[in-house]
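Observations on the three-dimensional arrangement
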Amino acid sequence: MSVLVRREAAEIREEWLGRALSTLPADRPAAEAAISGLYRLIGLAPPRFHWVSSPVAALTTVPPGMRPQPPEAADRISERALPPRFSSLMRELCRELDDQVRWVHQPMDQLIRREVRGSLSRSTTGSLLIPLRAAHDSGHRPRDAWYGTQCVSWVAHYDALRRVAGVVFTPEQTRRFELWATAARSCGSWWPHEGVCVLSERPVAMHTEVCGDDGEVRLHRADGPAVRYADGWDVYAWHGTRVPSWVITDPSVPRIAEEANVEVRRCAIEHIGWASYIDQAGLRLVASAPDPGNPGSELRLFDMREETRVLLAVNGSVERDGRRRQYGLTVPGSLDDPIAAAGWTYGLSAEQYSLLLRRT
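These lines cover the structure that appears in this document, whether it is placed above or below. Predicted, not measured: the structure shown is a model, and the values here were computed from it.

Some points on the overall build of the chain
Across its full length, the chain carries 15 helices and 13 strands. Total accessible area on the chain stands at roughly 17300 Å², and carbon and sulfur atoms take up 50% of it.

Here it is as structure tokens:
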């Protein structure tokens, strides 16, 4: 593939990523017109539209004319009457377009699927899906099928095939595709019901960081909420992991000790800094040794809690800012040798780890 083709694909990817992460007010007339058209495609009259300021408001507000639903119903969006019908509509269009592309444009399709669709899917999973899952506020992960239907990744994929590969849609395919594309570029998430459709405004602030070679992003902010909506609802995130607000605003050794979630503990410690955390927590140094997998760096092993120790190491790879990150790994309390502990994290013995030229 030519450099020009890859550049064009990357530009389309960035264009759709910008739309997905937009904090501009929704284009309500465009969104309502597109969704009305999608309702017609499944044989229903256009609905009434009920706009809310955030996803959590969409799941907790009862629109006029609708009956209240039990709290657990919010976690079964994909099982309601209309979302599966819209998802089926989307899949049918994709099958038609794939049939046109498969043999004539297969190499181009593979490139775009990898560099546009795959990249955007990872970005939306690391950014937009986090507040949507947080809005459910349930003990289990909500099914994401309906949110996947609204993901810009598949829309961007076929948009790139039209613009880069010259794939020609029929007028009817173009009409259906443009309804989905307009809805994707015009508002936040939406929840269809018979007779009424609930739509969320976009956030007023969204903070991300680049985390992949193709410009993938994830939610992250070290000094405040990563996402905030106009009604004040917000979500905190540390390098793509949703965390309680205290992890960002007031991380402390006592709070970390009380936290049951290992990922939340890790994020809070990283925010403090492993070296500072070890010092503040008064962890006892068990042993230290030069790191054979990372020449010039040192491995240090500390007691952490009952039957658990933490190995403090330096990343073998350089970060985007040019530095090598210091990080901690929990290991069994039975390990007394830092090199054996480092090998254990890779599934290796101390002798095998010692033979590594450089780990990553």
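What follows continues from the structure just given.
Considering unusual backbone geometry
A positive phi angle, close to 50°, is found at His 239, a residue other than glycine. Checked against the element boundaries, His 239 lands in the loop between β8 (234-238) and β9 (241-243). Residue His 239 is classed as partly exposed on the basis of its relative accessible area of 29%.

Structural notes on the nonpolar core
Within the largest apolar cluster, 72 residues are counted, with the highest numbers of intra-cluster contacts made by Trp 16, Phe 86, Trp 154, Trp 180 and Trp 190. When residues of this core are assigned to their parent elements, the largest contribution, eight residues, is made by helix α4 (residues 82-101). In contact with Trp 190, not counting residues within four places along its chain, are Ile 35, Leu 38, Phe 86, Trp 146, Gln 150, Trp 180, Ala 183, Cys 197, Val 198 and Leu 199.

Here we look at the pairing of β8
Remember that side chains alternate between the two faces of the sheet whenever the strand is regular. Counting buried residues along β8, four of its five residues qualify, which places the element largely inside the surrounding structure. Bridging between strand β7 (residues 227-228) and β8 involves two bridges; their strand directions are antiparallel. In the sheet register, Arg 228 faces β8, and the bridge partner there is Asp 234. Hairpin connection from β7 to β8: five residues lie between these consecutive antiparallel strands, with Gly 232 at a positive phi of about 95°. Here β8 pairs with β9 via three bridges, running antiparallel. When the bridges of β9 are listed, Ala 237 appears paired with Arg 242. Taking the residues between adjacent antiparallel strands as the criterion, β8 and β9 are bridged by two residues, where His 239 takes a positive phi near 50°.

Details of the side chain of Gln 173
If you trace the backbone, Gln 173 turns up in helix α9 (residues 171-186). With relative accessibility at 6%, the residue Gln 173 sits in the buried group. At a separation of 3.2 Å, a polar atom in the side chain of Gln 173 contacts the side chain of Glu 96. A distance of 3.0 Å separates a polar atom in the side chain of Gln 173 from the backbone nitrogen of Thr 170. When near neighbours in sequence (up to four residues on either side) are disregarded, Gln 173 contacts Leu 93, Glu 96, Leu 97 and Gln 100.

Brief notes about the packing of aromatic side chains
Throughout the structure, instances matching the rule amount to 12 aromatic pairs. Between Phe 169 and Phe 177, the ring centres sit 5.6 Å apart and the planes meet at 75°, which makes this aromatic pair edge-to-face. As far as the burial class goes, Phe 169 and Phe 177 line up, both buried. Between Trp 180 and Trp 190 the ring centres are 6.4 Å apart and the planes differ by 35°, which places this aromatic pair in the tilted class. With Trp 180 in helix α9 and Trp 190 in strand β2 (residues 190-193), this residue pair connects regions lying 10 residues apart in the sequence. Classification of Trp 180 by relative accessible area gives buried; the value is 4%. A network of ring pairs unites the aromatic residues Tyr 39, Phe 86, Trp 146, Trp 154, Tyr 158, Trp 180 and Trp 190 as a single cluster. Over the ring of Trp 16 we find Arg 19; its NZ or CZ atom is 4.5 Å from the centre of that ring.

Notes on the side chain of Glu 209
In this fold, Glu 209 is placed in strand β5 (residues 208-210). Taking relative accessible area as the criterion, Glu 209 reaches 18% and is therefore assigned buried. Engagement of the side chain of Glu 209 in a polar contact is seen with the side chain of Arg 218, the distance being 2.6 Å. Engagement of the side chain of Glu 209 in a polar contact is seen with the side chain of His 239, the distance being 2.7 Å. For Glu 209, the residues in contact, after removing those within four places along its chain, are Glu 216, Val 217, Arg 218, His 220 and His 239.

Some thoughts on the pattern of salt bridges
Taken as a whole, this structure holds 24 salt bridges when the rule is applied. Ionic pairing is found between Arg 255 and Asp 250, a salt bridge with its closest N-O pair at 3.5 Å. A single salt-bridge network, built from bridges that share partners, covers Glu 15, Arg 19, Asp 159, Arg 162, Arg 163 and Glu 178.

Here's the deal with the sheet that holds β7
In any sheet, the strands associate via hydrogen bonds between backbone groups, in a parallel or an antiparallel arrangement. Ordered in space as β4-β7-β8-β9, the four strands form an open sheet in which the pairing is antiparallel. Each having just a single partner strand, β4 (205-206) and β9 make up the two edges of the open sheet. Where β4 and β7 come together, two bridges link them in antiparallel fashion. Paired with Met 206 across the bridge in β7 is Val 227. The strands touched by helix α6 (residues 129-136) within the sheet are β7, β8 and β9, with β8 carrying the most contacts at an inclination of about 125°.

The rules behind these values
Residues numbered from 1 in each chain as written. Predicted model: local features only at pLDDT ≥ 70, side-chain atom pairs only at ≥ 80, totals over all residues. Heavy atoms only, no water. Helix = DSSP H or I, 4+ residues; strand = E, 2+ residues; numbered from the N terminus. Areas by Shrake-Rupley, 256 points an atom, 1.4 Å probe, with all protein chains shown as cover. Buried < 20%, exposed > 50% of the residue type's maximum accessible area, 1.4 Å probe, protein only. Core = buried A, V, L, I, M, F, W, Y, C linked by side-chain atoms within 4.5 Å. Contact = heavy atoms within 4.5 Å. Pairing = 2+ DSSP bridges. Polar contact = N/O pair within 3.5 Å; in protein donor to acceptor, adjacent residues only side chain to side chain. Phe/Tyr/Trp six-rings, centres within 6.5 Å; stacked < 30°, edge-to-face > 60°. Lys NZ or Arg CZ within 6 Å of the ring centre and 35° of its normal. Salt bridge = Lys/Arg side-chain N within 4 Å of Asp/Glu carboxyl O. Axes fitted to C-alpha atoms, helices over the stretch in contact; angles between N-to-C directions.

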